[in-house]
Amino acid sequence: MENLSEISRRKFIRNMAAGSLVLLASKAIKVKEVFGKSDISTIPTIVAANSPNPGFATKACIKELGGMSKFVKKNDVVVIKPNIAFDRRPEQAATTNPDVIAALIQECLNAGAKTVKVFDRTCNDARRTYETSGISKVSRKLGADVHYVNEGKFHDVKIPGGVAFKSWPVYDEARECDVFINVPILKQHAVAKVTMGFKNLMGIAGGNRGIWHRNINNSIVDLNSVVKVHLTVLDAYRVLINHGPTGGRLEDVKLFNKIVIGTDRVAVDVYGAKLFSISASELPFIKQASEVGLGEANLENVSIKEINV
């Protein structure tokens, strides 16, 4: 028998997004017709670039998705949310690659963004993690607004139909921006098996996030249900394949040379899991997120373009 709160969450989100789902459904028919014949003549949902240059790969993916101007308009306030949780160097693959962040900032500013904000609620001391990761340096050099999170800017957000919780403090700037770009790094995780886009949003959640790990799947779906994500950029350039999420040993890092960008957050996480040889069925949050209308869990129904750059 299904949990009543789970049913209530499904019902709420589906009703709330009814108009959008009708539009998506009409687009999905066209996508299926086009990509069923392997015709890559229309804009895909996901682009995966294979390249030894993560910044160049990021820009190539954005181009294939129709260009950043498709998402960012003149004078928009954009939030780029990387993983800067730990005091780790880029080669240790515990934090998002700074070259990916630099490429995204450039693309957003070129598209006319008024402000590009870069931040994360870190696990280690933010002053160290921001610098050690290399993200602070490249972001400030390009003119982005890089700042440590202000605890006074976390405010309680109701989560209708929430299963793990009915409300949670969420960072104001993550919800008030015009465009939100989620930029996780793909890595092994001791509790969640693998961490990607859905889990990366924990960096905009306040409160005691430690208790989330008791019910990690419902927790991250609850949060994602109240945060709009315009693009998910999965950094799979260097991948921490063991001892995640903190890592530290270079022998636990494998070079995948891949950047994955998509407009469907569920599909991007499914794609990322496949890179780890993990199926969607092994990750309960994927099924839950798909059922409440947050995205498509079956990659056979998703238009995907692979490129080498």
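Heads up: the structure comes first, above all this text.
Residues numbered from 1 in each chain as written. Predicted model: local features only at pLDDT ≥ 70, side-chain atom pairs only at ≥ 80, totals over all residues. Heavy atoms only, no water.

Draft legend 1. Representation of helix H10 (residues 265-275) within the structure. In terms of burial, H10 is a largely internal element, nine of the 11 residues being buried. Burial in H10 covers these residues: Arg265, Val266, Ala267, Val268, Asp269, Val270, Tyr271, Gly272 and Ala273. Two or three places before Val266, at the start of H10, stands the capping residue Asp264, its side-chain oxygen 3.0 Å from that residue's backbone nitrogen. (Buried < 20%, exposed > 50% of the residue type's maximum accessible area, 1.4 Å probe, protein only. Helix = DSSP H or I, 4+ residues; strand = E, 2+ residues; numbered from the N terminus. Polar contact = N/O pair within 3.5 Å; in protein donor to acceptor, adjacent residues only side chain to side chain.)

Draft legend 2. Just the side chain of Gln92, in detail. One can find Gln92 in the loop between strand S2 (77-82) and helix H4 (98-110). In this structure the side chain of Gln92 is engaged in a polar contact, spanning 3.1 Å, whose partner is the backbone oxygen of Gly248. Residues within four places of Gln92 in sequence aside, it is in contact with Leu240, Gly248, Leu250 and Val253. (Contact = heavy atoms within 4.5 Å.)

Draft legend 3. Quick peek at the pairing of strand S10 (residues 231-240). Counting buried positions along S10 gives nine out of 10 residues, so the element sits mostly inside the fold. Pairing of strand S7 (residues 179-183) with S10, which is carried by two bridges, proceeds in the parallel orientation. Counted as the bridge partner of Ile181 is Leu231 from S10. Across two bridges, the pairing between strand S8 (residues 185-189) and S10 is parallel. Following the sheet pairing, Ile185 is matched in S10 by Asp235. By the bridge criterion, eight bridges tie S10 to strand S11 (residues 253-262) in an arrangement that is antiparallel. Considered in S11, the bridge of Asp235 is made with Ile259. (Pairing = 2+ DSSP bridges.)

Draft legend 4. View of the nonpolar core. In this structure, Met68, Ile80 and Ile181 are the most contacted members of the largest nonpolar core, which totals 87 residues. Sequence-distant contacts of Met68, that is, excluding residues within four places in its chain, are made with Ile62, Leu104, Glu107, Cys108, Ala111, Ile181 and Leu231. (Core = buried A, V, L, I, M, F, W, Y, C linked by side-chain atoms within 4.5 Å.)

Draft legend 5. Expanded view of the pattern of salt bridges. Considering all chains together, one arrives at 14 salt bridges under this definition. A salt bridge links Glu282 to Lys193; the nearest nitrogen and oxygen atoms lie 3.8 Å apart. Note that Glu282 is positioned in the loop between H10 and helix H11 (284-291) and Lys193 in strand S9 (residues 193-195), a separation of 89 residues in sequence. Judged by relative accessible area, which is 40%, Lys193 ranks as partly exposed. Here Glu306 ties to Lys258 by a salt bridge, and the two come within 3.4 Å at their closest N and O atoms. Highlighted residues: Glu306 in strand S12 (residues 304-308) and Lys258 in strand S11, separated in sequence by 48 residues. (Salt bridge = Lys/Arg side-chain N within 4 Å of Asp/Glu carboxyl O.)

Draft legend 6. Representation of the environment of Ile220 within the structure. Mapping Ile220 onto the fold places it in helix H9 (residues 216-224). What makes Ile220 buried here is its relative accessible area of 3%. Each C-alpha atom of the pair Ile220 and Lys199 lies 5.9 Å from the other, and the pair is 21 residues apart in sequence. Those residues in contact with Ile220, other than ones at most four positions away along the chain, are Phe198, Lys199, Met202, Trp212 and Phe285.

Draft legend 7. Structural detail: the environment of Leu299. For Leu299, the location among the structural elements is in the loop between H11 and S12. Counting along the chain gives 32 residues from Leu299 to Ala267, while the straight-line C-alpha distance between them is 6.5 Å. With near-sequence residues (within four places) excluded, Leu299 lies in contact with Ala267, Val270, Tyr271, Lys274 and Ile304.

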